[in-house]
Amino acid sequence: MTDRAIIVDRAYQPYEGERRSTSWIMWAIVVDGFRKVFGIRRKFTRKLLPWGVIGMMSMILAGVVIPAWFIGDQLGDLPLPENAEYFDIISLLPELFIALAAPALLVPDRRQGTLAIYLSRPINRAQYLLAKVGALFVLMMFVWLAPQAILFTSLASLDGGGFFAYFADNANVLLAILGTALVYFVLHASLGLFFAATVPRSGFAAGSYLGTLLIANLLTSSIVEDDTGGERWLGLFAFEQHPRVIRDWFFDVQTQDYVPTVAGFEPWVSLATVGAIAAISAIAIWVQYRRLP
Amino acid sequence: MAAPALRVLQLTHDYGSVRSLADVSFDAPPGKIGLVGANGAGKSTLIKLSLGLLDPTSGSIEVMGADPGARTRVGYMPEASALPLDQKAADFVTYTAQLAGLPSRDARRRASETLYLVGLDEERFRFIGDFSTGMQQRVKLAQAIVHDPQLVFLDEPTAGLDPEGRESMLGLIRRLGDFGTSVVFSTHIITDIERTCDWVVLLDGGTLLRSSPLEELGSHGVVRLELHDHSEEVTRLLRARGADVKVEGDVLHIRSFDEIYSAIQSSVAQAGAGIHLLEEANVTLEEAFFVPSSEPPPLPGSRP
C-alpha cells in the first residue's frame, strides 16, 4: 500500500491502437446506413415510417403463409402464391421502402453539412457513395429476398412430393428469384438514389421518385395503348414495368401484358433499359457529388 | 528536420470565374498556425484544398509531408453547422472515429474520452439538436480530434460563441498544442490568433500577405525609445545617421538597421538626453495585416 496520494489526470491520451483499412471504414458507413434508415439511436419519430413498411410487409407475408400452414388442406392444394406472383403482391411496399431509404442515406449528410467531415477522413467520394449503395443493396435484398425465402420454404414444406424433392425440382426458381431481385434493385435503387442525390430534401426526393414511377406508368400506358406504332419507343419509359417484364422472362411465365411488351419490345430490351438507367443515374450522382461539399 | 505542417506551392484555385486563391506559396512548421483574413480571403478554400475536398486549379499542397488526398491523420472542424442534430453526441463522435479507421470499441472509448476533454462528459448521451451553440462547437472540436490527428484544421471555431464560450474554446485550442497536435486555426478575429498561435499566415483577397512566426511579426524591426528630454535633437541626429524615425511626443519609434543601438547611444550622448525606456516595440498583428510581407513592418500607430 502506498503512502502517497496520486492525482490521475484523464486529460488527453494519444491513440496508439489499430487503424483499420478503407474497407472497414466503408463497412462502418454501411452499418451507419442501416441505423439511419431504421432510425436506430434516433428519436422515435424517425423509426415510424421504416418500421411501419416492414410491419406491413410482414403482415402480408404472415397473411399468406400462416393460413396455408394451418388450414392449407381445407383451402385446396397449394393455396400459396408462386414466387413470381409474390413480387407483384408486395411490389408497392419495397418501392415505398426505397423512397424512404435512399434519401435517408444521402440527404442528411449533405443537408446537415456532415459530408465535409466524413470526406475529411481517409475515404474518397467514390468509396463513400459505394458504401451508401452497399447499404441500400443489403437492405433491399433483405426486403425482397427474405419473404421470398420464407415463401419458397413454405411451398416446399406443403408440397405433396416432399420438401427436398420440391427444392431439387425448383432450384432454377431460386436463381430466378435472385436475378429478379437484382434487377428490381438496380432499377429502383438507381432512380431512388438519383433523386436522393439531386433533390435537397428527403421528403421531396421520396415524392419525386414515387411520382416519377407513377406518372411514367400512367402516361406510357395511355400512349402505348392508343398507338403502338410511332409512339412505341415511349414504352421504354414505363420504368417500373421493366423489372416485371424481366421477372416474367426469368421465371418463364406471363403474369400480365406490360407496357414494354405491348409496345413490342423483347425482354432483353427491358434489361438493357434498366442498365442504361443505372448508368445515367450513376453518372448524374457522380457529377453532383464531385461538386460537394 | 520535420516536414512542414503545410507546404503550399504556387497554389491557385478558381470557383468558376472567381479566383479564390492566387499563386499562394508558403511553408508553415508544425505547431499552432493561425490563418487570418477577412471573410472571402480564401481561408476556408485553403483548408478545403489541404483536406483534398477541393482540387487546386494549379500548384500543389502538402499536409504533414503527404498528399492532401491521404487524410490519414488530419482532423477537420468546419465553419458551417455540420452536425447531425438527430444523433446523440457520443454516437456521432464514435462514428467519426470509425471513419478514421478506429475499431468500434476503441472508437466508443475515444469518443467518451474526447467528449470529456471538451467538457461534454455529462451531456454526451443527449441529442445534439438539444445543445447550445457553444456545446455544438465542442462536439465539432471533439470529432476533429477523436482519432488523435497529427494536424487539425479548425475553421472559425469561435464563430457564434459568447465571450465565455470563446474563452473556453481558445483554451482548448491552446491545449491541443500541449498534446502534440498541430493546429491550423482560421479566423478573422486577430486577437484570437495573437493569444493562441505561434505562426501566422495572413491572407487577403486570395493572396498571401505574410507567413512568419507570430513573435517575429509582432516585434521585429522597430525599437521604442522613450526620452526624458531633447527628443527633437535625438530625432535629428538619428535621422542624420540614416534612421527611419517616427515621433510621438517624447517617444521615438525607430525602424531597425545595422548598428541601431550604437546609433541610439551616440545620438543620445551627443544630445545630452536622458533615456527613460529602450525596448523592442510590438507591432500588433492587426497593424501588420495591412502591410505586405515584401515590405518592412509598419511603425506602431501607422495602420491605414
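Above this note sits the structure.
Residues numbered from 1 in each chain as written. Chains lettered and ligands numbered in written order. Predicted model: local features only at pLDDT ≥ 70, side-chain atom pairs only at ≥ 80, totals over all residues.

Caption draft 1: Looking closely at the overall build of chain A. Helix and strand counts for chain A stand at 12 helices and zero strands. Secondary structure elements of chain A occur, N-terminal to C-terminal, as α-α-α-α-α-α-α-α-α-α-α-α. Its C-alpha atoms give chain A principal-axis dimensions of roughly 85 × 50 × 35 Å. Residues classed as buried in chain A amount to 38% of the 293 residues present. The contacts of chain A with a sequence gap of at least 6 include a subset with a gap of at least 24, amounting to 74%. (Helix = DSSP H or I, 4+ residues; strand = E, 2+ residues; numbered from the N terminus. Buried ≥ 20, exposed ≤ 12 C-beta atoms within 10 Å, placed from the backbone. Contact = placed C-beta atoms within 7 Å.)

Caption draft 2: Up close: helix H6 (residues 125-158) of chain A. A rise of 1.5 Å per residue sets the reference length of H6(A), with its 34 residues, at 50 Å; its end C-alpha atoms lie 49 Å apart and thus fit the reference within 8%. Residue A:Leu145 marks the point of greatest curvature in H6(A), where the axis turns by about 30 degrees; the proline A:Pro147 follows within four residues. (Expected span 1.5 Å × (residues − 1). Bend = angle between axes of the 7 residues up to and from the residue.)

Caption draft 3: The arrangement of the sheet that holds strand E12 (residues 251-255) of chain B in detail. Residues and elements named next belong to chain B. Taken together, four strands build an open sheet; the order of strands is E11-E12-E10-E13 and the sheet is antiparallel. A strand with exactly one partner marks an edge of an open sheet, and here the two such strands are strand E11 (245-248) and strand E13 (275-280). Averaged over all pairs of adjacent strands, the angle between their axes in this sheet comes to 15 degrees, without regard to strand direction. As paired elements, E11 and E12 share four bridges and run antiparallel to each other. Counted as the bridge partner of Lys246 is His253 from E12. Where helix H8 (residues 231-240) meets the sheet, it contacts strand E10 (222-227), E11 and E12, and its direction lies at approximately 170 degrees from that of E11. (Pairing = 2+ DSSP bridges. Axes fitted to C-alpha atoms, helices over the stretch in contact; angles between N-to-C directions.)

Caption draft 4: Layout of the interface of chain A and chain B. Opposite the 31 residues of chain A that make contact, chain B presents 37 residues. When contributions to the side of chain A that touches chain B are tallied by element, the ones reaching two or more residues are helix H1 (22-38) and helix H5 (114-118) of chain A. Tallied by class, the residues present in the side of chain A that touches chain B amount to 15 nonpolar, six polar and 10 charged. (Nonpolar A, V, L, I, M, F, W, Y, C, P; charged D, E, K, R; others polar.)

Caption draft 5: Seen up close, unusual backbone geometry. Backbone geometry places B:Asp23, a non-glycine residue, at a positive phi of 50 degrees. For B:Asp23, a count of 14 C-beta atoms within 10 Å translates into the label partly exposed.

Caption draft 6: Geometry of the nonpolar core. With 142 residues, the main nonpolar core has A:Ala101, A:Leu136, A:Leu193, B:Ile33 and B:Val93 as its most contacted residues. Ranked by residues supplied to this core, first place goes to helix H8 (residues 171-198) of chain A with 14 residues. Setting aside residues no more than four positions away along its own chain, A:Leu136 makes contact with A:Ala101, A:Ala102, A:Leu105, A:Ala189 and A:Leu193. Counting residues in each nonpolar core, the second largest holds 14 residues, with B:Val222, B:Val234, B:Val245 and B:Ile254 among its members. (Core = buried A, V, L, I, M, F, W, Y, C linked by C-beta atoms within 7 Å.)

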